[in-house]
Amino acid sequence: MPDRQNRPLVAGPDGGPSSPFPIKLSGPVIKGFGRGSRELGIPTANIPADGLKEYPDLESGVYYGVVALDPGRFMYTSGETANGDGNGGGKKSTTTVFPAVLSIGFNPYYKNTVRSVEIHIMAPFAPNGPAEAESQAQEKHFHKLPDFYGTNLNLLILGYIRPEYDYVSLEALVEDIRVDCEVARRSLARDAYACYLFGDDSSSSSVKSEREWLLDF
Ligand SMILES: Nc1ncnc2c1ncn2[C@@H]1O[C@H](COP(=O)(O)OP(=O)(O)OP(=O)(O)O)[C@@H](O)[C@H]1O
Ligand SMILES: Cc1cc2nc3c(=O)[nH]c(=O)nc-3n(C[C@H](O)[C@H](O)[C@H](O)CO)c2cc1C
Ligand SMILES: [Mg+2]
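Residues numbered from 1 in each chain as written. Chains lettered and ligands numbered in written order. Predicted model: local features only at pLDDT ≥ 70, side-chain atom pairs only at ≥ 80, totals over all residues. Heavy atoms only, no water.

A.B. asks: Can you break down the overall build of the chain residue by residue, with the values?
C.D. replies: Helices and strands together make up the secondary structure of the chain, namely 5 helices and 6 strands. Overall, the chain shows an N-to-C arrangement of helices and strands of β-α-β-β-β-β-α-β-α-α-α. Scored against the burial criterion, the 217 residues of the chain give a buried share of 48%. Considering only contacts in the chain between residues 6 or more positions apart, those separated by 24 or more positions represent 79%. Here the chain displays about 10800 Å² of accessible surface, and carbon together with sulfur accounts for 52% of that area. (Helix = DSSP H or I, 4+ residues; strand = E, 2+ residues; numbered from the N terminus. Buried < 20%, exposed > 50% of the residue type's maximum accessible area, 1.4 Å probe, protein only. Contact = heavy atoms within 4.5 Å. Areas by Shrake-Rupley, 256 points an atom, 1.4 Å probe, with all protein chains shown as cover.)

See the structure below:
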């Protein structure tokens, strides 16, 4: 395993997602082994891996992106700041677009025999990017929502962070996932990625159509 101490805190080009991203995956949230919350304290929404058939060259690893949940089944309510609803305070859509970090693969630490797609949904952040204090507060606890098993989930994968590793301890795995969340946050806060979260009017037509796909349930 390479040096895990001095990881870069941003991943992917500043100019925006580059091929093969954005990658679209969707499906109902299914049950996994129930280890994410129980053993790691990090809940991950698992979706079927079938959608990956369309991307046979996609390597296993950790990625960042944006997620929407079917508002017919799950409505996000939060006492967050006025602009913290993930829609930039706008009224275009009531469906929250969440920042997310995900793992695709076999979880080498657990030696799974089937490939899983597991998404940790992070707390929405304001359009001007995560404030330092907000970011530090989120480092202490992983974001926890009420359960939403069975809810349809749309995911746009926007960038690659790192390969999956085996670890010497559970703590080392959890610490690396904590850094992944920070990398995802900082990566998504850049203008060419934040537009997927907030959908400002000046977004390009491709961003607009990808957001339409994301919000279509
Ligand atoms: N921030 C969050 N991100 C993702 N899922 C969340 C979040 N908060 C709550 N959940 C809920 O927790 C569930 C995931 O819990 P957990 O990952 O522990 O179990 P699992 O997916 O069934 O199994 P596995 O441990 O194999 O992934 C999700 O399906 C969802 O209903
Ligand atoms: C952002 C993120 C990164 C992960 N990285 C790894 C990893 O490098 N190795 C691993 O075995 N599991 C990894 N996992 C999966 C983790 O082991 C899994 O979520 C739990 O086992 C619950 O299934 C990661 C999960 C997330 C959400
Ligand atoms: Mg899970």
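A.B. asks: Describe in detail the sheet that holds strand β1 (residues 23-28), supporting the description with residues and values.
C.D. replies: The antiparallel open sheet is built from 6 strands, whose spatial order is β1-β6-β3-β4-β5-β2. The two strands at the open ends of the sheet, each matched to only one other strand, are β1 and β2 (45-47). On average, each strand axis in the sheet is inclined to that of its neighbour by 35°, with strand direction left out of account. Judged from the 7 bridges that link them, strand β3 (residues 61-69) and strand β4 (residues 98-105) form a sheet pairing that is antiparallel. Bridging across to β4, glycine 65 finds its partner in alanine 100. Set on the sheet, helix α5 (residues 205-215) makes contact with β1, β3 and β6 (152-162); between it and β6 the angle comes to about 130°. (Pairing = 2+ DSSP bridges. Axes fitted to C-alpha atoms, helices over the stretch in contact; angles between N-to-C directions.)

A.B. asks: Can you break down α5 residue by residue, with the values?
C.D. replies: In an α-helix, one turn spans 3.6 residues; hence positions three or four apart end up facing the same way. Inspection of α5 places Val207, Glu210, Arg211 and Leu214 among the buried residues, and these make up the whole buried set. Buried residues of α5, seen end-on, are gathered within an arc of 100° and therefore sit on one face of the element. Facing away from the buried side of α5 by over 90 degrees, the exposed positions are Ser205 and Glu212. (Arc of directions from axis to C-beta.)

A.B. asks: An account of the coordination of the magnesium ion (ligand 3) is requested, with residue identities and associated values reported.
C.D. replies: Each protein donor to the magnesium ion (ligand 3) is listed here as Thr44 (O), Thr44 (OG1) and Asn46 (OD1); together their distances run 2.1 to 2.2 Å. Coordination at the magnesium ion (ligand 3) is octahedral: its 6 donor atoms span angles of 83 to 175° at the metal. Taking the relative accessible area as the measure of exposure, threonine 44 reaches 27% and is therefore partly exposed. According to the relative accessible area criterion, asparagine 46 is buried, its value standing at 13%. (Donors = N, O, S within 2.8 Å, 3.2 Å for Na, K, Ca; no water. Tetrahedral: all angles 85-135°; square planar, octahedral: opposite > 155°, others 65-115°.)

A.B. asks: I'd like to hear about the site of ligand 1, residue by residue, with values.
C.D. replies: Among the 22 residues in the neighbourhood of ligand 1, the closest are listed as Phe33, Gly34, Arg35, Gly36 and Ser37. Measuring from an oxygen atom of ligand 1, one finds a backbone N or O atom of glycine 36 at 2.6 Å. Interatomic distance of 2.8 Å between a side-chain N/O atom of tyrosine 149 and an oxygen atom of ligand 1. Protein contact buries 98% of the 620 Å² of open area that ligand 1 shows by itself. Comparing atom positions with the cavity grids shows ligand 1 to sit within the largest pocket. Within the residue set of the shell around ligand 1, elements represented by two or more residues are α1 (35-40), β2 and β5 (116-121). By residue number, the principal contributor to the shell around ligand 1 is β5, which donates 4 residues. Considered class by class, the residues forming the shell around ligand 1 number 9 nonpolar, 8 polar and 5 charged. (Near = heavy atom within 4 Å. Polar contact = N/O pair within 3.5 Å; in protein donor to acceptor, adjacent residues only side chain to side chain. 1 Å grid on protein atoms, 1.4 Å probe; cavity = no way out; pocket = protein on both sides within 12 Å on 5 of 7 lines; lining within 4 Å. Sits in = over half its atoms within 2 Å of the grid points. Nonpolar A, V, L, I, M, F, W, Y, C, P; charged D, E, K, R; others polar.)

A.B. asks: Could you give an account of the site of ligand 2, with specific residues and numbers?
C.D. replies: The environment of ligand 2 is formed by 19 residues, the closest being Asn107, Tyr109, Glu118, Arg162 and Tyr165. Separating an oxygen atom of ligand 2 from a side-chain N or O atom of arginine 162 is a distance of 2.9 Å. Within the contact set of ligand 2, a nitrogen atom lies 2.7 Å away from a backbone nitrogen or oxygen of tyrosine 165. The fraction of the free accessible surface of ligand 2 (540 Å²) that becomes covered by protein chains is 98%. For ligand 2, the cavity whose grid points lie within 2 Å of the majority of its atoms is the largest pocket. Elements represented by at least two residues in the shell around ligand 2 include exactly α1, β4 and α3 (170-188). Each residue belonging to the shell around ligand 2 can be placed in one class, and the counts come to 10 nonpolar, 4 polar and 5 charged.

A.B. asks: How would you explain the packing of aromatic side chains if you had to name every residue and give the values?
C.D. replies: Two descriptors summarise a pair of aromatic rings, namely the distance from one centre to the other and the angle between the planes of the rings. Scanning all chains against the criterion turns up 8 aromatic pairs. Seen from their ring centres, phenylalanine 125 and phenylalanine 198 are 6.3 Å apart, and the 75° between their planes marks the pair as edge-to-face. Residue phenylalanine 125 is located in the loop between β5 and α2 (132-140), and its partner phenylalanine 198 is located in helix α4 (residues 191-198); the two are separated by 73 residues in the primary sequence. In terms of burial, phenylalanine 125 and phenylalanine 198 fall into one category: buried. (Phe/Tyr/Trp six-rings, centres within 6.5 Å; stacked < 30°, edge-to-face > 60°.)

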